[in-house]
Amino acid sequence: NESLQKQYFQMKQEYTTLLEVNKRITLERDKLSAELEVFKTKMAGGLSSSQMDNFPIEADEDYFEGLGTGEDVFAYLRHDGLIKNVNLAKKSISKVLKEIWSEKMAADLQSGTKSSLPEFFYNFLQKKYGDSALLWAYNIYYGCRNHQKDEFISLFFSILNGIVDESVYHGQIQHISHVLKELRSHDITKKEMYSKQEFSQVLKTVLPNKSPNHIQELIAAATSQLGDDKKIKYNVLFQESTEDTAGAFVALLQSQYAAEKVTYLSELRNTLEDKEELTVVDLKRAFQKIDPSMDAQILASYLTQGFQTTKEQLDQVLFVDTDTVLDRLQASDIKRIGPKK
């Protein structure tokens, strides 16, 4: 028995040693595989020389650990090994995200249906990067996570993770386009320029629901971005920086858009008082109380988003948890329609 016990412990020790060796070999294999993907991307011309400047490889070899291959992991991130962290620059991330949005909108328009962003992201990476898709998926994903202070990148990341509906992105784009269009429309001289006072007045006309503080913040952002306290060349405010990111004025328009929704939904919650559950009638009355100018079509749209149903089936909805309804509205493109009472 003693002899068998010694053999058992010896075999156990050898097995443990083999596991450790196998683990080291697997680690080295994954590192080499990740390095190969970077090399293949370079050789295939996947990156231009200018892009390579924004795609540096760290000498200390930093890697992402795969999140696994389970169903709970997004398809584009399913991997058990290591992925090289190539430290994508913010400019490179913004450029890829713009390309994704552009292609997605074109594809959705052509098909007549809206694809989910995670699904489109996966297909985009496979089509554009082929064997290097996994490398780009991890680097874009974690790059986005590391740049949450950027409104554009942060919103993409939230939509990609299913936290926010894609309608929020389109709502912001439409809002920014509307402001630029109206600034041009009110420019009688066609000199693409306003005095500071004129700019203030036009903003108040174009954005009637803005608080005086928000208007002042926008003026301050504009003068700071332009470096001119007297003349506002408004077209320049909508141009991107050298980093391919929005300037201070547009970035503030985006952050105010998000903050105003939070305020609006806070008013809605207060109007609902302490109701733990809501009916369609409860929510309808609350919206009509805080935003009486809202037309029937928009109201119906907000109700369907809050109760996750169709307009035709609203009458069949019974009680739904208040927090659930408000969370759904928070994730959607919700905004005040008329002037605040």
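Please read these numbers as outputs of a predicted model, since none were measured by experiment. (Residues numbered from 1 in each chain as written. Predicted model: local features only at pLDDT ≥ 70, side-chain atom pairs only at ≥ 80, totals over all residues. Heavy atoms only, no water.)

The helix and strand inventory of the protein chain stands at 14 helices and 6 strands. Excluding contacts between residues fewer than 6 apart, the proportion of contacts in the protein chain whose partners are at least 24 apart in sequence is 64%. With an accessible surface of roughly 20,100 Å², the protein chain has 51% of that area assigned to carbon and sulfur atoms. (Helix = DSSP H or I, 4+ residues; strand = E, 2+ residues; numbered from the N terminus. Contact = heavy atoms within 4.5 Å. Areas by Shrake-Rupley, 256 points an atom, 1.4 Å probe, with all protein chains shown as cover.)

Right, let's get into the packing of helix H11 (residues 248–272) against helix H12 (residues 280–290). Taken N-terminus to C-terminus, the directions of H11 and H12 make an angle of 120 degrees; their axes are 9 Å apart at the nearest point. It follows from the interaxial angle that H11 and H12 lie oblique. In the packing of H11 onto H12, the handedness of the crossing is right-handed. Every residue of H12 that contacts H11 at Tyr 264, Glu 267, Leu 268, Thr 271 and Leu 272 is listed here: Asp 282, Leu 283, Ala 286, Phe 287, Lys 289 and Ile 290. A class-by-class count of the residues in the contact of H11 with H12 yields 7 nonpolar, 1 polar and 3 charged. (Axes fitted to C-alpha atoms, helices over the stretch in contact; angles between N-to-C directions. Parallel < 35°, antiparallel > 145°, perpendicular 65-115°, else oblique. Left-handed = near helix turned anticlockwise from the far one by under 90°. Nonpolar A, V, L, I, M, F, W, Y, C, P; charged D, E, K, R; others polar.)

Per-residue confidence for the protein chain gives a mean pLDDT of 84, with 82% of residues at or over 70. Counted against residues more than four places away or in other chains, residues 21–60, with its pLDDT under 50, gives 46 contacts. (pLDDT = per-residue confidence, 0-100.)

Turning to helix H3 (residues 90–111), a few remarks are in order. Compared with an ideal rise of 1.5 Å per residue, which puts 22 residues at 32 Å, H3 spans 31 Å between its outermost C-alpha atoms and is within 8% of the ideal. Of the residues making up H3, those classed as buried are Ser 92, Ile 93, Ser 94, Val 96, Leu 97, Ile 100, Trp 101, Lys 104 and Asp 108. Of the surrounding secondary structure, the elements contacted by the buried residues of H3 are helix H4 (117–129), helix H5 (133–145), helix H6 (151–160) and helix H7 (166–185). (Expected span 1.5 Å × (residues − 1). Buried < 20%, exposed > 50% of the residue type's maximum accessible area, 1.4 Å probe, protein only.)

Our focus in this paragraph is unusual backbone geometry. Even without being glycine, Glu 273 reaches a positive phi, approximately 60 degrees. Owing to a relative accessible area of 60%, Glu 273 belongs among the exposed residues under this scheme. Positive phi, close to 50 degrees, is recorded for Gln 308, a residue that is not glycine. Looking at the secondary structure, you find Gln 308 in the loop between helix H13 (296–307) and strand S6 (320–321). Relative accessible area serves as the criterion here: at 55%, Gln 308 is assigned to the exposed category.

Turning our eyes to something else, we now look at the packing of aromatic side chains. This model, assessed by the stated rule, comprises 20 aromatic pairs. Aromatic side chains Phe 152 and Tyr 169 sit 6.5 Å apart centroid to centroid with 55 degrees between the ring planes, which places their arrangement in the tilted category. Residue Phe 152 is found in helix H6, and its partner Tyr 169 is found in helix H7; the two are separated by 17 residues along the sequence. Exposure class is identical for Phe 152 and Tyr 169. Each is buried. One Lys or Arg, Lys 84, reaches over the ring of Tyr 63 and ends 5.0 Å from the middle of that ring. (Phe/Tyr/Trp six-rings, centres within 6.5 Å; stacked < 30°, edge-to-face > 60°. Lys NZ or Arg CZ within 6 Å of the ring centre and 35° of its normal.)

Okay, a negative patch on the surface next. Taken together, the side chains of Glu 273, Asp 274, Glu 276, Glu 277, Asp 321 and Asp 327 present a region of like negative charge at the surface. Its location among the elements puts Glu 276 in the loop between H11 and strand S5 (277–278). (Patch = residues over 30% accessible without salt bridge, like charges linked within 9 Å, V, L, I, M, F, W, Y side chains within 5 Å. Salt bridge = Lys/Arg side-chain N within 4 Å of Asp/Glu carboxyl O. Lys, Arg positive; Asp, Glu negative; His and termini not counted. Charge placed at Lys NZ, Arg CZ, Asp CG, Glu CD.)

What follows covers the packing of helix H9 (residues 212–226) against H11. One can describe the packing of H9 onto H11 by two numbers: an axis separation of 8 Å at closest approach and a directional angle of 160 degrees. If you check the angle between H9 and H11, you find them roughly antiparallel. Considering the relative orientation of H9 and H11, their crossing is right-handed. Contacts between H9 and H11 involve His 214, Glu 217, Leu 218, Ala 221, Ala 222 and Gln 225 from the former and Ala 248, Phe 249, Leu 252, Leu 253, Gln 256 and Glu 260 from the latter. Tallied by class, residues from the contact of H9 with H11 come to 7 nonpolar, 3 polar and 2 charged.

Moving on to the pattern of salt bridges. Note that side chains of opposite charge can pair when their charged atoms are close. Per the stated rule, a full pass over the model turns up 11 salt bridges. Glu 267 is the salt-bridge partner of Arg 336, the closest N and O atoms lying 2.7 Å from each other. In this pair, Arg 336 is assigned in the segment after helix H14 (322–330) and Glu 267 in helix H11, connecting sequence segments 69 residues apart. Residues Arg 336 and Glu 267 agree in their burial class; the two are buried. Bridged by salt links that share partners, the residues Lys 104, Asp 108 and Glu 166 form one connected network.

Within the secondary structure, Thr 279 sits in the loop between S5 and H12. Here Thr 279 is in contact with Phe 307, Leu 318 and Phe 319, once residues within four sequence places are set aside.

Looking only at helix H8 (residues 196–206), the buried set comprises Phe 199, Ser 200, Val 202, Leu 203 and Val 206. Along the axis of H8, the buried residues cluster in a sector spanning 170 degrees; they form a single face. Of the surrounding elements, those touching the buried residues of H8 are H7, strand S3 (194–195), H9, strand S4 (231–232), helix H10 (234–237) and H11. (Arc of directions from axis to C-beta.)

A few words on the environment of Ile 163. Among the structural elements, Ile 163 can be located in the loop between H6 and H7. On the basis of relative accessibility, which here comes to 57%, the residue Ile 163 falls in the exposed class. Each C-alpha atom of the pair Ile 163 and Asp 327 lies 9.7 Å from the other, and the pair is 164 residues apart in sequence.

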